[in-house]
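Reading the structure
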Amino acid sequence: MLEVKDLVVAYGRVTAVKGISFTVEQGQVVTLLGTNGAGKSTTLRTISGLLKPVSGEIWFEGRRLDGEPAHKVVQRGIAQSPEGRRLFRKMSVEDNLMLGAYSRTDSAAAIKADMDRVYDLFEVLGQRRREPAGLFSGGEQQMLAIGRAMMSRPTLLMLDEPSMGLSPIMTQTIMRTIRELQAEGVTILLVEQNAQAALSLADRGYVLEVGSIAFSDTGRNLLRDDRVKRAYLGAA
């Protein structure tokens, strides 16, 4: 579904992503692991069209994607729930969700059905749909950020640090939702600080170090990999 080839991204003179290549197959959960500054969020922002690569290629469903503006990327079927959530805090839950559907041209009934699906996944959003997003807890705001991304009806959903700052119980809720979305046919590219949770979900993982892919394997194998254990799982 997604193929990234020799991607290089820079901020001025600083090269943040140094020629990485990876693939995401339809129906998979693929995770990018790495410390702060490894290039994970930069990679997602480049796929989303928010950053322009210095070089390399991004292919999505057999068509070239790099160079497309962000709104066209959404129309192609890719949505991102960004790090930090980036909600419109003074707007209601429902208005935030409707903004996620801004690029859609199908019927109002189809959009309402998708909104009802978000409320099924995250009941608290449906119960408080008229309230401003800024009144919600961090976990509830994360639910809304994911729901907003879902409203574009993406075939590839990119999640950037969805558990950051959340309690263990709320993290479990978010990870369970990711599994449910995969079961419904949504392909997911996940950047996640909780390596244990991410690799437990992932069909495949890529470990980034200082802008380059150091190694990759299945999620199950990476959970057993001594390098991952030492760096991300707290093993001695």
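See the structure shown above.
Residues numbered from 1 in each chain as written. Predicted model: local features only at pLDDT ≥ 70, side-chain atom pairs only at ≥ 80, totals over all residues. Heavy atoms only, no water.

Time to look at the sheet that holds strand β5 (residues 63-64). Ordered by their spatial adjacency, 4 strands build an open sheet running β2-β1-β4-β5, and the pairing between neighbours is antiparallel. Where the open sheet ends on each side, the last strands, each with one partner, are β2 (14-24) and β5. Where strand β4 (residues 55-60) meets β5, 2 bridges bridge the pair, whose relative direction is antiparallel. Bridge pairing in β5 links F60 to R63. On the sheet, helix α1 (residues 40-47) packs against β1 (2-11), β2 and β4 and is oriented at approximately 110° with respect to β1. (Pairing = 2+ DSSP bridges. Helix = DSSP H or I, 4+ residues; strand = E, 2+ residues; numbered from the N terminus. Contact = heavy atoms within 4.5 Å. Axes fitted to C-alpha atoms, helices over the stretch in contact; angles between N-to-C directions.)

Two numbers describe a pair of aromatic rings. These are the distance of the centres and the angle of the planes. One pass over the structure, following the stated rule, counts 1 aromatic pair. Residues F22 and Y206 carry aromatic rings whose centres are separated by 5.5 Å and whose planes lie at 50° to one another, so their mutual orientation is tilted. Of the two residues, F22 sits in strand β2 while Y206 sits in strand β9 (residues 204-209), which places them 184 residues apart along the sequence. The ring of F215 has R227 lying over it, and the distance from NZ or CZ to the ring centre is 3.8 Å. (Phe/Tyr/Trp six-rings, centres within 6.5 Å; stacked < 30°, edge-to-face > 60°. Lys NZ or Arg CZ within 6 Å of the ring centre and 35° of its normal.)

What follows covers the packing of helix α6 (residues 138-150) against helix α7 (residues 168-183). Running from N to C, α6 and α7 point in directions that differ by 15°, and their axes come no closer than 10 Å. If you check the angle between α6 and α7, you find them roughly parallel. As for how α6 packs across α7, the hand of that crossing is right-handed. Contacts between α6 and α7 involve G139, Q142, M143, I146 and M150 from the former and M170, T173, I174 and L181 from the latter. Here the contact of α6 with α7 is built from residues that sort into 6 nonpolar, 3 polar and no charged. (Parallel < 35°, antiparallel > 145°, perpendicular 65-115°, else oblique. Left-handed = near helix turned anticlockwise from the far one by under 90°. Nonpolar A, V, L, I, M, F, W, Y, C, P; charged D, E, K, R; others polar.)

The contact between helix α3 (residues 93-100) and α6 brings their axes to 7 Å, and the two run at 35°. Our pair here, α3 against α6, has a crossing hand that is right-handed. For the pair α3 and α6, the contacting residues are V93, N96, L97 and G100 in the first and L144, G147 and R148 in the second.

Keep in mind these values describe shape, not function.
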